[in-house]
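Chain by chain, the residues run as shown.
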Amino acid sequence: MALERSAQLLAQLRAALHASGGWLPFDAYMQQALYAPGLGYYTGQAGQFGDFGGDSDFVTAPELSPLFGRTLAAQVGRVLQHAGLEAVVEFGAGSGKLAAQVLGELDRLGCAPRRYVIFEVSGALKHQQRDTLRSAVPHLADRVQWWRALPDAFEAVVIGNEVLDAMPVKLLARQETGWMERGVTQEGDDLVFADRPTTLQPPAPETHALPVGSVTEIHPQALGFVRTLADRLTRGVALFIDYGFPQHEFYHPQRHMGTLRAHYRHRVLDDVLLWPGLADITAHVDFTAVAVAAQDSGLEVLGYTSQANFLMNCGLLDLVAAEFAAGPPPVAPSSAAAICRPLGGKAATPGGAHYLRQTAAVNKLLNESEMGELFKVIALGRGVEANVLHGFNRGDRTHTL
Ligand SMILES: C[S@@+](CC[C@H](N)C(=O)[O-])C[C@H]1O[C@@H](n2cnc3c(N)ncnc32)[C@H](O)[C@@H]1O
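This report concerns the structure included in the present document.

Criteria and thresholds
- Residues numbered from 1 in each chain as written.
- Predicted model: local features only at pLDDT ≥ 70, side-chain atom pairs only at ≥ 80, totals over all residues.
- Helix = DSSP H or I, 4+ residues; strand = E, 2+ residues; numbered from the N terminus.
- Rg over C-alpha atoms; globule rule 2.2 N^0.38 Å.
- Buried ≥ 20, exposed ≤ 12 C-beta atoms within 10 Å, placed from the backbone.
- Contact = placed C-beta atoms within 7 Å.
- Axes fitted to C-alpha atoms, helices over the stretch in contact; angles between N-to-C directions.
- Parallel < 35°, antiparallel > 145°, perpendicular 65-115°, else oblique.
- Left-handed = near helix turned anticlockwise from the far one by under 90°.
- Near = placed C-beta within 6 Å.
- Nonpolar A, V, L, I, M, F, W, Y, C, P; charged D, E, K, R; others polar.
- Domains from an automatic or database assignment.
- Pairing = 2+ DSSP bridges.

**So, the overall build of the protein**
When helices and strands are tallied, the protein shows 14 helices and 16 strands. Since a compact globule built from 401 residues should have a radius of gyration of about 21 Å, the 22 Å found for the protein is in line with a globular shape. In terms of overall dimensions, the protein has a C-alpha envelope of 65 × 55 × 40 Å along the principal axes. Burial analysis of the protein (401 residues in total) assigns 43% to the buried set. At a minimum sequence separation of 6, the contacts of the protein that also span at least 24 residues come to 77%.

Encoded structure:
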C-alpha cells in the first residue's frame, strides 16, 4: 500500500520533470514529496511523529511528553492574559497532541482561549487532529476550528512546533565558477541531483568561507510564510520552536554539506531522493533570516533562546515536581506488572516506570546533546510588551541573530 503510493508519486514526479524540460528545482521536488495531494509524506498518511516503534519516522517534543505542551501553555496563557487576546492559532499541528496539551493546560490554569484555531496543510492530519482533540479535551472541542486560509487581519498568540523545518527549501551547490542551483533530474529509472546556473546566492558575508563542493540551503518558502504572517498579525505574539541556528552558524564551514535530511523509521537516509512520499525531508531553520523577514514586515523580535532555556524559564521543572508529588496516573495491574518487573526481582511499582519515562522525556527535551540546545524558540510580536515573555528571562540570545 505505502510502496504503491510512493510509486504513484514517483510517476507524478516524472510527469512534472517531463513537463518542465527534465529538471525540477529542489523546492518543487520537496513540495511534491511532502505535500502532493493524497500522496505526499504529510498528505498521504498519518501517524509519522510517534515515539520509537510502530510506524513512526521521528519524534517531536509534544509526542515525547505532554509536559512540553503544558510548559508552552504557561507562556501562551501569560500573553493571552496580559494582552487581552482571545485566540490561539497553531500552524502545522501534526497529530493534534500539542493542541490538546496547550488547550488542556490553559483550561486548568483558568485561561482557556475563546478560540483555538489550527492552520494545517494536510487533510489527513486535520482528521487526526480532530480525533485527538475530541478524545483528549472533549469539553473544549467546540472552541477548536480549522482555517482554510489565513484571514487578512487577526489578533492571536501563534504557535508552531517543527513547522518551519517542514517547508520546502532551495538547494545551492558551490562550484569553481560560483553558486549553482541544485535540482532533480532523471537518469534511467532513477531520480538524481543536477545543478544549473543561477543568480541565487546564500546570504553574504557568512558564505564566503564555504569551500568549492559545499552544498547549502536557502528558505524562500519559510521566509514568505513569516512575511505573510507578519503582514496579517495585527496584534499578538508568534512563538516558533524548531531546530536551527543563527546565520553565522548555519553557513559555517563546519556545516559545508548543509542540513537537508530525510528520515525514515528513526533513521537518517543517505539518499534524500529515496522513497518519495515515504520518508520525511527536512532542513534546519536559519533564525537570522526569520528574524530579518519578520522585522522587515513590521514584527519585533521579542526573544530568541534555546529550547532548554525556554522550557526552564517557563517552569518545566516545577511541573515535573508537581507531577511526582501527585503520584503516577493509575495503571492497570496486569500491564504494570509486565512493564515494571525487574530481572529476577520483585515487581517495581507503576510509579517507578512512570517516573523513569517522564525523566527520560524531560532529559531529552532539555539535554544539550539532545533537543535542548539544537532546538530554539523565537518570539515575534506586535503590540505586546517583551517583558510578558518570561520564557526568555534567562539566556536570551537575540543579540546572536
Ligand atoms: C514536522 S510536523 C510537526 C507537527 C507538530 N507540530 C509536532 O510538533 O508534532 C510539520 C507539520 O507542519 C505542517 N505544515 C507544513 N507546512 C505548513 C504550512 N505552510 N502551514 C501549515 N502547516 C504546515 C505539516 O503538515 C505537519 O503537520
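Don't stop here, the text continues.
**Observations concerning the packing of helix α4 (residues 66–83) against helix α5 (residues 97–108)**
Interaxial distance between α4 and α5 falls to 8 Å at its minimum, and their mutual angle equals 55°. Accordingly, the angle class assigned to the pair α4 and α5 is oblique. Every pair of crossing elements has a handedness; the one defined by α4 and α5 is right-handed. Residue-level contacts link P66, F68, G69, R70, L72, A73, V76 and G77 of α4 to K97, L98, Q101, V102, E105 and L106 of α5.

**Observations regarding the site of the ligand**
Neighbouring residues of the ligand: 21 residues in total, closest Y42, T60, G92, G94 and N161. Each residue belonging to the shell around the ligand can be placed in one class, and the counts come to 13 nonpolar, five polar and three charged. Inspection of the shell around the ligand shows a minimum of three residues originating in each of domain 1 (2–40 + 166–298) and domain 2 (61–161).

**As for the sheet that holds strand β12 (residues 267–269)**
Taken in spatial order, the three strands line up as β12-β11-β13 in an open sheet, and their pairing is antiparallel. At either end of the open sheet lies a strand with only one pairing partner, and these are β12 and β13 (280–282). Between one strand and the next, the sheet's axes are offset by a mean angle of 35°, whatever the strand orientation. Of the pairings in the sheet, the one linking strand β11 (residues 261–264) to β13 comprises three bridges and is antiparallel in character. Directly across from A262, in β13, lies its bridge partner I281.

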